[in-house]
Amino acid sequence: GAGVSQSPSNKVTEKGKDVELRCDPISGHTALYWYRQRLGQGLEFLIYFQGNSAPDKSGLPSDRFSAERTGESVSTLTIQRTQQEDSAVYLCASRWSFGSYNSPLHFGNGTRLTVT
Amino acid sequence: AQKVTQAQTEISVVEKEDVTLDCVYETRDTTYYLFWYKQPPSGELVFLIRRNSFDEQNEISGRYSWNFQKSTSSFNFTITASQVVDSAVYFCALSTNYGGATNKLIFGTGTLLAVQP
């Protein structure tokens, strides 16, 4: 079946503009995660969804960042008033999470965001 | 606090050499899971292995093997007879249930492995 799909794959935006990044998880995966990966660095947790609710938003770096999920499927990560330090690859991951505590995350290919 | 440390930033080997990637973790939880992911130049993260804290048996999968030692909080990854296709960034990650059911993965900073022909 299809894996985690993210769009766009690349996004170049001007400082101060808003951007929306989209994630289509694997069908049936109830848990969805957003991570950020700056150039040459590890993955930084942003937010976790279980179904349509987000019990853990602890990684969102500022109130310019928000995310939502609808229909226990698609998720959108929105960055308002983008800054140059927002430039990174934004990765989405999903997993089946009903009694399968240790199931691995399946990652998409990411959206490479460049803020000029 | 939970933390994963991959002290080796970059490793370069010649094809057919064995190479070990180190991973040290910190957690107060007694139940936790450890993972290794591979990120080739294409960028997609590929799951390699999952190990729970109650299973300290080492695991071998082809040229890959993993050594889990709770006494030293380490989960090292060895590639035997390395190949050029093994060139990638390798991430070690930790998942716990401390403070809730997030089960988020906490990643190390990764080790860039370059295998020269």
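Rules and cut-offs
Residues numbered from 1 in each chain as written. Chains lettered and ligands numbered in written order. Predicted model: local features only at pLDDT ≥ 70, side-chain atom pairs only at ≥ 80, totals over all residues. Heavy atoms only, no water. Helix = DSSP H or I, 4+ residues; strand = E, 2+ residues; numbered from the N terminus. Rg over C-alpha atoms; globule rule 2.2 N^0.38 Å. Contact = heavy atoms within 4.5 Å. Areas by Shrake-Rupley, 256 points an atom, 1.4 Å probe, with all protein chains shown as cover. Lys, Arg positive; Asp, Glu negative; His and termini not counted. Charge placed at Lys NZ, Arg CZ, Asp CG, Glu CD. Pairing = 2+ DSSP bridges. Axes fitted to C-alpha atoms, helices over the stretch in contact; angles between N-to-C directions. Disulfide = S-S within 2.5 Å. Buried < 20%, exposed > 50% of the residue type's maximum accessible area, 1.4 Å probe, protein only.

**Student:** Describe the overall build of chain B, naming the residues involved and giving the relevant values.
**Tutor:** Of the regular secondary structure elements, chain B holds zero helices and 12 strands. Of the regular secondary structure in chain B, the N- to C-terminal order runs β-β-β-β-β-β-β-β-β-β-β-β. For a compact globule of 117 residues, the expected C-alpha radius of gyration is about 13 Å, and chain B comes in at 14 Å, within 12% of that figure. Expressed as lengths along the three principal axes of its C-alpha atoms, the size of chain B is roughly 45 × 30 × 20 Å. When contacts within chain B are restricted to residue pairs at least 6 apart in sequence, long-range pairs at least 24 apart make up 56% of them. Here chain B displays about 5600 Å² of accessible surface, and carbon together with sulfur accounts for 49% of that area. Charge-centre separation for chain B: the mean point of 9 positive side chains lies 6 Å from the mean point of 12 negative side chains.

**Student:** Describe the sheet that holds strand S1 (residues 5–7) of chain A, listing the residues and the values that go with them.
**Tutor:** All names here are of chain A. On the basis of which strands lie adjacent, the open sheet formed by four strands has the order S1-S3-S8-S7 and antiparallel pairing. Strand pairing shows two members of the sheet lacking a second neighbour, S1 and strand S7 (65–69), which therefore form its edges. Neighbour-to-neighbour, the strand axes of this sheet turn through a mean angle of 15°, independent of strand direction.

**Student:** Can you break down the state of the cysteines residue by residue, with the values?
**Tutor:** Overall, the coordinates contain two disulfides over all chains when judged by the stated rule. Paired by a disulfide, Cys23 of chain A and Cys92 of chain A hold their sulfur atoms 1.9 Å apart. Across the S-S bond linking Cys23 of chain A and Cys92 of chain A, the dihedral sits near -65°, which makes this disulfide left-handed. In this pair, Cys23 of chain A sits in strand S3 (residues 19–24) while Cys92 of chain A sits in strand S9 (residues 88–95), placing the two residues 69 residues apart along the sequence. In this pair, the class of Cys23 of chain A matches that of Cys92 of chain A, namely buried. Bridging Cys23 of chain B to Cys92 of chain B, the disulfide has an S-S length of 1.9 Å.

As far as function goes, none of this settles anything; it's purely spatial.
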